[in-house]
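Structural characterization, general
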Amino acid sequence: MAASRARPIAIYYEHPHWFVPLFAELERRGTPHTRLDAAVHRFDPADRPSYALVFNRMSPSAWLRGHGQAVFYTHHFLGHLEQNGVRVVNGARAFVAETSKALQMSLLDRLGLPYPRTRVINHPAEAPDAAVGLRLPIVVKPNVGGSGAGVRRFDTLQALAAAAAVGDLEFGPDQTALVQEFIPAEEGRITRVEVLGGRFLYAIRVYSPGDTFNLCPADVCQTTEGVELARAACPVDAPRNGLRVEGYAPPAEVVANVERIAAACGIEVGGIEYVIDARDGRLYYYDVNALSNFVADAPRVVGFDPFARLADFLEQEAR
């Protein structure tokens, strides 16, 4: 780690809990690092950053915690870093994909991969017409993601029209939303495939009680056998949410597709989610994340500590 001793690794982050395990691992190793709080930050365009590497861990859900300004600011900061030759993990291109579900769907379409039929709108009045021709039920979701926040399900076009008429739809910080076919999940589960260095790291199946769109892997409570998981990345008083998880080995074709998606988005550390339609068994990719919180109690679930492998990756890249 000679290079990183001279020029430290910088971790650019916003969420107050998700990064505790990574910080602890870097401290355990004695790896020099600087913490950059994205919620309150500034840079000088004339500055030539001296970091060996910057790891972008900015969350698009920051707008839910009163830090929406940091989401758009991050585009400028990452551009500044890259223009000055700084090695950025999950750089500007990855963050563009992270902050636009609309662009994610366009990318999946370009790659020829299955995804829920989607229309993109910029005003609630467009929602009813946008839903015409889509298979019911449908969901309306903010373009800038955020732990399932603002996602609404509608079983009829009449219910959607009524919500649109009174402005009861959440469009998020960029005032853009997706009107999308809702895919009922086979056995109530989704699959999340994680990548590190753009390559397959592990996969998990997350089972939901069916009343939430927030399937954050760090918030999972139990294994499928009912064993309680230690959620080190969450506050100690985090509510039990009924999510259950198991490790999973996805088909080789899925792994290859996930790596294609990550490469097309410039995502080095992230997770791609897909669902199997309970109605006909078809697979749909539906969410691309340039942010890996990693599953709670990972050694118990997937057999190893992904934060240790992440630290290995950052040290290697910083050289």
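I will try to describe carefully the structure that is included in this document. (Residues numbered from 1 in each chain as written. Predicted model: local features only at pLDDT ≥ 70, side-chain atom pairs only at ≥ 80, totals over all residues. Heavy atoms only, no water.)

Its location among the elements puts Asp155 in the loop between strand E7 (152-154) and helix H7 (157-165). Classification of Asp155 by relative accessible area gives partly exposed; the value is 48%. Expressed as a C-alpha distance, the spacing of Asp155 and Leu136, which sit 19 residues apart in the sequence, is 6.0 Å. Here Asp155 is in contact with Leu136 and Pro137, once residues within four sequence places are set aside. Polar side-chain contacts of Asp155 include one of 2.9 Å to the side chain of Arg153. (Helix = DSSP H or I, 4+ residues; strand = E, 2+ residues; numbered from the N terminus. Buried < 20%, exposed > 50% of the residue type's maximum accessible area, 1.4 Å probe, protein only. Contact = heavy atoms within 4.5 Å. Polar contact = N/O pair within 3.5 Å; in protein donor to acceptor, adjacent residues only side chain to side chain.)

Attention now moves to empty space enclosed by the protein. Space left empty within the atom packing is revealed by a probe, the size of a water molecule, rolled over the atoms. Under the definition given, this model contains 1 cavity of 30 Å³ or more. By volume, the largest cavity amounts to about 30 Å³. Taken together, the residues that form the lining of the largest cavity break down as 5 nonpolar, 2 polar and 1 charged. (1 Å grid on protein atoms, 1.4 Å probe; cavity = no way out; pocket = protein on both sides within 12 Å on 5 of 7 lines; lining within 4 Å. Points joined across faces, edges and corners; volume = space filled by probe spheres on them. Nonpolar A, V, L, I, M, F, W, Y, C, P; charged D, E, K, R; others polar.)

The 4 strands lie next to each other as E5-E8-E6-E7, forming an open sheet whose pairing is antiparallel. Each end of this open sheet is capped by a strand with a single partner; those strands are strand E5 (118-121) and E7. Taken over all neighbouring pairs, the strand axes of this sheet differ in orientation by 20° on average, direction set aside. As defined by bridge partners, strand E6 (residues 138-142) adjoins E7 across 3 bridges and the pair is classed as antiparallel. In the strand pairing of E7, Ile138 is matched with Phe154. Taken strand by strand, helix H5 (residues 101-110) contacts E5, E6 and strand E8 (177-181), and its axis lies near 45° from that of E8. (Pairing = 2+ DSSP bridges. Axes fitted to C-alpha atoms, helices over the stretch in contact; angles between N-to-C directions.)

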